[in-house]
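Commentary on secondary and tertiary structure
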2 protein chains.
Amino acid sequence: AFDQRGGGASAAARAGAIGVLVRSLTHALDTLPHTGSLRYKADIPRIPAAAISTVDASALSQASKTVTSPLTVRMRMNCVDLGTAEQGNVIGEWRGSERPDEIITLGGHLDSWDIGEGAHDDGSGVVHTLEALRALKAVGYTPRRTMRFVLFINEENGNRGGKKYAQVAAEEHLAGLRHVAAMESDAGGFVPRGVRMDALDSGVEMVRSWASTLEPYNLHYFGRGGSGVDIGPLKELEPRPLLMGLVPDGQRYFDLHHSSQDVWENVHKRELELGAATCASMLLMLDRNLPAD
Amino acid sequence: AFDQRGGGASAAARAGAIGVLVRSLTHALDTLPHTGSLRYKADIPRIPAAAISTVDASALSQASKTVTSPLTVRMRMNCVDLGTAEQGNVIGEWRGSERPDEIITLGGHLDSWDIGEGAHDDGSGVVHTLEALRALKAVGYTPRRTMRFVLFINEENGNRGGKKYAQVAAEEHLAGLRHVAAMESDAGGFVPRGVRMDALDSGVEMVRSWASTLEPYNLHYFGRGGSGVDIGPLKELEPRPLLMGLVPDGQRYFDLHHSSQDVWENVHKRELELGAATCASMLLMLDRNLPAD
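Described in the following lines is the structure provided in the data block. (Residues numbered from 1 in each chain as written. Chains lettered and ligands numbered in written order. Predicted model: local features only at pLDDT ≥ 70, side-chain atom pairs only at ≥ 80, totals over all residues. Heavy atoms only, no water.)

**Here's the deal with the sheet that holds strand 4 (residues 99-109) of chain B**
Residues and elements named next belong to chain B. Reading across from one edge, 3-5-4-6-9-7-8 is the order of the seven strands in this open sheet, with mixed pairing throughout. Of all the strands in the sheet, the pair left with one neighbour each is strand 3 (90-94) and strand 8 (221-224). Sheet twist, expressed as the mean angle between neighbouring strand axes with direction ignored, is 20 degrees. Strand direction decides the pairing type here: strand 4 and strand 6 (residues 178-184), joined by six bridges, are parallel. In the sheet register, Gly107 faces strand 6, and the bridge partner there is Glu184. Here helix 5 (residues 201-208) sits on the sheet in contact with strand 7 (192-198), strand 8 and strand 9 (242-248), set at roughly 170 degrees to strand 8. Helix-sheet contacts for helix 8 (residues 269-289) involve strand 4, strand 5 (145-152), strand 6, strand 7 and strand 9, and the interaxial angle to strand 9 is about 160 degrees. (Pairing = 2+ DSSP bridges. Helix = DSSP H or I, 4+ residues; strand = E, 2+ residues; numbered from the N terminus. Axes fitted to C-alpha atoms, helices over the stretch in contact; angles between N-to-C directions. Contact = heavy atoms within 4.5 Å.)

See below:
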């Protein structure tokens, strides 16, 4: 469904469509539209596009196969492109005591789709970021490296916050600072399972060597894969930072994702806290164990 | 809180109390009473006892410390002991093709507290039991050993179903049948984490050797501990069966446990299915890998 939401409008327009309704990207059979980004291709007419619920999509599909008279769908939409406005990433820096020129970033994104509150996507990542800082301070931790706590802007609609952060990071690299690791929480506030890593083999092996330390906290997943949209562009830096994304349990995420149900009533307080504790633990383990070079 | 719910009434009566209100056994700060079993001790007056919500308990505790006039609580209760009635375990047997005299049991319990629907406790265990059988049949599995799918009665209030099953099992052992393993699902319908084992070292090591096979399904917990109330009495058999209990994620269980919120609206379909798949997988692995002797 992801390619249909993102590219369906242009693909349909190329085939002559004058509008497109996309089956929502969700595991749920529900009556809620789940929104998300769409990219119009250049030189193809920009036709109206809307997400409809999985239940409605199935009903429409069924109707298209069974009705004998022509099937007409009327689309009445009130969305407009208001253009761009300047906004910023929000960055808190905690200076390192031993290696202040080496930077470890933790972040989530501030923006969300207007259809809900963005509680899981990505209010939870924002809470994880702030709470990890609070927790590390509460236990009296003194960071060896500089830690940056970043609330990114515009993840959902262009990733301009993440791209800008990486651009500044590249300038910092030239000036002698070095981004050694970054972690993102942008997969919901559900009970944590572990982390997904986008890193060199040496980094992946280091994190996996912590498994027995993390096992009592029910953290067991240390796979490879994308870390997060916001920190992803940091991958281009040389030397390459160790990137990781928090992996919460994923069974319920797409029930709520980009819908009117992504509200705080659907975030479990204890699960949210465990995600924050996981982020704090990973920051601490990275700070203590990243190789000095 | 468990000892207060179970033994608080008699402990308070011994100290002269004429009634007792127990803070509910739950992690949640809510306004719901969470019920459960209570055991009156012999030769101590049986005083009225009720669970009150954690919010109400905190308010009452606060009031007891701050009000200057005597604090009076009126208890009006309509519960009665209706005596016992005969009920039975419900047992389905799938006869083994190679070792029909060796029995592997999977079960949950049919009874629940009347305050809710018992959807997680233990409707989910009942669904897991039935669905594991359906799934194994659907994939065309032929069991080597005899599998029994058991819906136990009276788990919440005396465990007479579990005790009776173990009593019959002991008679079966004398007659040449042998209960080699049993699994119970009585910890909710949440996303599965693994199993808890009450078994000899050899059995625990065997199950742990399956970890890499089960890892892709996000099953990672293979600890030791209680297996389940219903199958627990099977532990007394000689030779001792390998007992295990399904371990779903536990963060939300006591939010609902024994309360009016333990209803099917609060069970996630996909998580319930994953629990059933875990039970089916464990049955299959036990059937294939238990040592022949």
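**Topic: helix 2 (residues 54-66) of chain A**
Residue and element names in this part refer to chain A. Here helix 2 spans 18 Å end to end across 13 residues, near enough to the 18 Å set by a 1.5 Å rise per residue. If you check which residues of helix 2 are buried, you get Thr54, Ala57 and Ala63. Buried residues belonging to helix 2 abut strand 1 (20-23) and strand 2 (49-52). (Expected span 1.5 Å × (residues − 1). Buried < 20%, exposed > 50% of the residue type's maximum accessible area, 1.4 Å probe, protein only.)

**Some points on the interface of chain A and chain B**
Residue-level contacts link 15 residues of chain A with 15 residues of chain B. Contact between chain A and chain B buries roughly 1,400 Å² in total, counting both sides, with carbon and sulfur atoms accounting for 42%. Ranking the residues of chain A by area buried against chain B places Arg193, Gln251 and Arg252 of chain A at the top, with a combined share of 42%. Between Arg252 of chain B and Glu271 of chain A there is a salt bridge whose closest N-O contact spans 2.8 Å. Summed over the shared surface of chain A and chain B, the number is eight residue pairs in polar contact (both at pLDDT 80 or more). Looking at the side of chain A that touches chain B, the elements that each hand over two or more residues are strand 7 (192-198) and helix 8 (269-289) of chain A. With three residues, helix 8 of chain A is the largest single contributor of residues to the side of chain A that touches chain B. In the side of chain A that touches chain B, the residues fall into five nonpolar, four polar and six charged. (Buried area = accessible area lost by both parts, 1.4 Å probe. Salt bridge = Lys/Arg side-chain N within 4 Å of Asp/Glu carboxyl O. Polar contact = N/O pair within 3.5 Å; in protein donor to acceptor, adjacent residues only side chain to side chain. Nonpolar A, V, L, I, M, F, W, Y, C, P; charged D, E, K, R; others polar.)

**Details of the side chain of Thr129 of chain B**
All names here are of chain B. With respect to the helices and strands, Thr129 occurs in helix 3 (residues 119-138). Using a relative accessible area of 1% as the deciding quantity, one classes Thr129 as buried. Here the side chain of Thr129 touches Gly108 through a polar contact of 3.5 Å, landing on its backbone nitrogen. Excluding anything up to four places from it in sequence, Thr129 contacts Leu106, Gly107, Gly108, Phe149, Val150 and Leu151.

**Examining unusual backbone geometry**
A cis amide bond links Asp121 of chain A with the next residue in sequence, Asp122 of chain A, at an omega value of 10 degrees. Note on placement: Asp122 of chain A falls in helix 3 (residues 119-138). We note that Asn159 of chain A has phi near 60 degrees; this positive angle belongs to a residue other than glycine. Relative to the helices and strands, Asn159 of chain A is located in the loop between strand 5 (145-152) and helix 4 (160-174). At Asn154 of chain B, a position not held by glycine, the phi torsion is positive, near 65 degrees. The topology assignment puts Asn154 of chain B in the loop between strand 5 and helix 4 (160-174). With a relative accessible area of 15%, Asn154 of chain B lands in the buried category.

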